[in-house]
Amino acid sequence: MTFAATLLLLLPLAAGCANPGPPKPPSLHLPETVSDLSAQRVGTEVRLHWTTPDKTTDDIDVSGAMTAQICRATPPSACVPTQTILVKSGPSEATDVLTSRLTANPQGLLEYRVTILNSRQRSAGPSTPAFAAAGEAPLAISNLRVEATEQGAELQWSPGDAADAIELTRLHAVANTAAPRQTARRLQPAAKEPAEMHFQAAAPNSEHLPVGTDAGGSLDATAHRGETYSYTAQRVRKAVLAGHTLEIRSLPFAAVPVTMRDTFPPQPPAALEAILSGQTGKSLAIDLSWRPNAEPDLAGYVVYRQELEPDGTAIGTRARLTATPVPSPGFHDATIAAGHIYNYSVTALDGAANESAPSLSAKEEVPMR
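Computed from a predicted model, the values in this text were never measured in an experiment.

## Some details on the overall build of the protein
Okay, so step 1: For the protein, the helix and strand inventory stands at 1 helix and 22 strands.
Okay, so step 2: Expressed as a percentage of its 369 residues, the buried residues of the protein come to 37%.
Okay, so step 3: Here the analysis covers contacts within the protein between residues at least 6 apart in sequence; of these, 68% occur between residues at least 24 apart.
Okay, so step 4: Surface summary for the protein: the accessible area is close to 21000 Å², and the carbon and sulfur share equals 56%.

## Observations regarding the packing of aromatic side chains
Two numbers describe a pair of aromatic rings. These are the distance of the centres and the angle of the planes.
Okay, so step 1: Per the counting criterion, the structure on display carries 3 aromatic pairs.
Okay, so step 2: With centroids separated by 6.3 Å and ring planes inclined at 55°, the aromatic side chains of Tyr 229 and Tyr 231 adopt a geometry described as tilted. Each member of the pair, Tyr 229 as well as Tyr 231, is classed as buried.
Okay, so step 3: Note on Tyr 342 and Tyr 344: the rings are 6.4 Å apart at their centroids and 40° apart in plane angle, and the pair reads as tilted.
Okay, so step 4: Tyr 342 gets classed as buried once you look at its relative accessible area, which sits at 2%.

## Remarks on the environment of Ala 215
Okay, so step 1: Mapped onto the elements of the fold, Ala 215 is located in the loop between strand E11 (196-200) and strand E12 (217-220).
Okay, so step 2: For Ala 215, a relative accessible area of 35% gives the class partly exposed.
Okay, so step 3: Remark: the alpha-carbon pair of Ala 215 and Trp 157, spanning 58 residues in sequence, is separated by 8.7 Å.

## Considering unusual backbone geometry
Okay, so step 1: Going from Pro 75 to Pro 76, the amide bond is cis rather than trans, its omega being 10°.
Okay, so step 2: Of note, Pro 76 is situated in the loop between strand E3 (66-73) and strand E4 (80-87).
Okay, so step 3: Note that the residue after Asn 105, namely Pro 106, is joined by a cis bond; omega there is 10°.
Okay, so step 4: The backbone of His 29 shows a phi angle near 55°, a positive value even though the residue is not glycine.
Okay, so step 5: Inspection of the secondary structure assignment puts His 29 in the loop between helix H1 (3-15) and strand E1 (38-42).
Okay, so step 6: Positive phi, close to 70°, is recorded for Ala 353, a residue that is not glycine.
Okay, so step 7: Structurally, Ala 353 can be placed in the loop between strand E21 (341-350) and strand E22 (362-365).
Okay, so step 8: The class for Ala 353 is exposed, based on a relative accessible area of 52%.

## Digging into the sheet that holds E12
Within a sheet, adjacent strands bond to each other through the backbone by hydrogen bonds, running parallel or antiparallel.
Okay, so step 1: Strand order in the open sheet made by the 3 strands is E8-E9-E12, with antiparallel pairing throughout. In the strand order of this sheet, the two ends are held by strand E8 (145-149) and E12, each with one partner. The sheet shows a mean angle of 20° between the axes of neighbouring strands, direction not considered.
Okay, so step 2: The pairing of strand E9 (residues 152-156) with E12 spans 4 bridges and is classified as antiparallel. Among the inter-strand pairings, Ala 153 is bridged to a residue of E12, identified as Asp 220.

## As for the side chain of Asn 118
Okay, so step 1: Position of Asn 118 relative to the elements: it lies in the loop between strand E6 (108-117) and strand E7 (130-134).
Okay, so step 2: Within the structure, the side chain of Asn 118 is placed 3.0 Å from the backbone oxygen of His 29, a separation counted as a polar contact.
Okay, so step 3: Ignoring any residue separated from it by four or fewer positions in sequence, one finds Asn 118 in contact with Leu 28, His 29, Leu 30, Pro 31 and Ala 65.

## Some details on the state of the cysteines
Okay, so step 1: In the structure shown here, the tally under the stated rule is 1 disulfide.
Okay, so step 2: Here Cys 71 engages in a disulfide with Cys 79; their sulfurs sit 2.0 Å apart. In this structure, the disulfide formed by Cys 71 and Cys 79 twists by about 95° around the S-S bond and is classed as right-handed.
Okay, so step 3: Classification of Cys 79 as partly exposed rests on a relative accessible area of 27%.

## A look at the confidence of the model for the protein
Okay, so step 1: Summing up the model confidence of the protein, the mean pLDDT is 87 and the portion of residues at 70 or higher is 84%.
Okay, so step 2: The low-confidence segment residues 13-18 (pLDDT under 50) makes 0 contacts with residues lying over four places distant or belonging to another chain.
Okay, so step 3: Residue range residues 206-211 is modelled with pLDDT below 50. Its contacts to residues more than four positions away, or to other chains, number 2 contacts.

## Here's the deal with the sheet that holds E3
Okay, so step 1: The 4 strands lie next to each other as E4-E3-E6-E7, forming an open sheet whose pairing is antiparallel. The sheet terminates laterally at E4 and E7, the two strands that pair on one side only. Taken pair by pair, the neighbouring strands of this sheet meet at an average axis angle of 25°, ignoring direction.
Okay, so step 2: Where E3 and E4 come together, 7 bridges link them in antiparallel fashion. Counterpart to Gln 69 in the pairing with E4 is Thr 84.

## Here we look at the environment of His 49
Okay, so step 1: In this structure, His 49 sits in strand E2 (residues 45-52).
Okay, so step 2: For His 49, a relative accessible area of 35% puts it in the partly exposed group.
Okay, so step 3: Along the backbone, His 49 and Glu 93 are 44 residues apart, and their C-alpha atoms lie at a distance of 4.4 Å.
Okay, so step 4: Apart from residues lying up to four places away in sequence, His 49 is in contact with Asp 36, Leu 37, Ser 38, Ser 92 and Glu 93.
Okay, so step 5: At 3.4 Å, the side chain of His 49 forms a polar contact with the side chain of Glu 93.

Rules of the game
- Residues numbered from 1 in each chain as written.
- Predicted model: local features only at pLDDT ≥ 70, side-chain atom pairs only at ≥ 80, totals over all residues.
- Heavy atoms only, no water.
- Helix = DSSP H or I, 4+ residues; strand = E, 2+ residues; numbered from the N terminus.
- Buried < 20%, exposed > 50% of the residue type's maximum accessible area, 1.4 Å probe, protein only.
- Contact = heavy atoms within 4.5 Å.
- Areas by Shrake-Rupley, 256 points an atom, 1.4 Å probe, with all protein chains shown as cover.
- Phe/Tyr/Trp six-rings, centres within 6.5 Å; stacked < 30°, edge-to-face > 60°.
- Pairing = 2+ DSSP bridges.
- Axes fitted to C-alpha atoms, helices over the stretch in contact; angles between N-to-C directions.
- Polar contact = N/O pair within 3.5 Å; in protein donor to acceptor, adjacent residues only side chain to side chain.
- Disulfide = S-S within 2.5 Å.
- pLDDT = per-residue confidence, 0-100.

Right, dumping it as structure tokens:
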């Protein structure tokens, strides 16, 4: 075989052995660093939350056990490890119980970092810092009570330090799916409610109180009738340290449940008038009219009639003229007789079958023919 033929045979082999580039170093299997560490001061504790990574710095899945090393610093001091815990990829948390020195005034800045270590106790470094406040925590709310009222859920507690804000948390415990049809109408639109809601306490008469006063109560006017909730409350103290605006929270009061039962009747109808009609025909009637009620859960009106003696003395008992509530603010009574005196009153009925007090009466005398 000639040299040229041999060279032709070797060319494909050479082409298949192209240079693959520089070899990659073996992975150190270092979990990525945490970037979402947060810290919340509650009572004598600092509660830490973060997401433990599921990838390494080489963008491969984490394998093997991981531990989280938590350190705490009081700047400018170095961050000193306080605890090490086993963790898994995903949402993670830890609690740092502060010493008595850190739960007494004056307030001070606390800096936290978390370092995720692989099974060989190696890491890619500490997380971004999260900050909390040292210092005295507010006293917990005491004697929290919740009552369903016509205006909403009314909360009351023992007043405390006026400098602390009050944060209320409402959990929507049970949606009332078994309510009768007539209770389907609510005070407010039946939009889907969040499972948890946070809001600042605002007393019903807060406009008459000095700014920052703890009135010892608040009204949740957004609570829907027919629903069940539970409420808890915390005092919140602000701390501004080294340019960081932080909070020191009291321990929360244990959740207090309340069912917003609708036991509140509508207002009595107003401006009732009675007018005799049909005097020239064979049939007599009295037409009633009144001012419509404004309650959004109004189901209708009930009309009552009482016969009177000429001196105004009642004859018999008051009779209900409407077997079912009438939807409009008017009624035509064609069951009257000549020579009788009739006294009418009207009540309002809501969707939960609560009936108002009677309206002011309206009297009409039917003359003899």
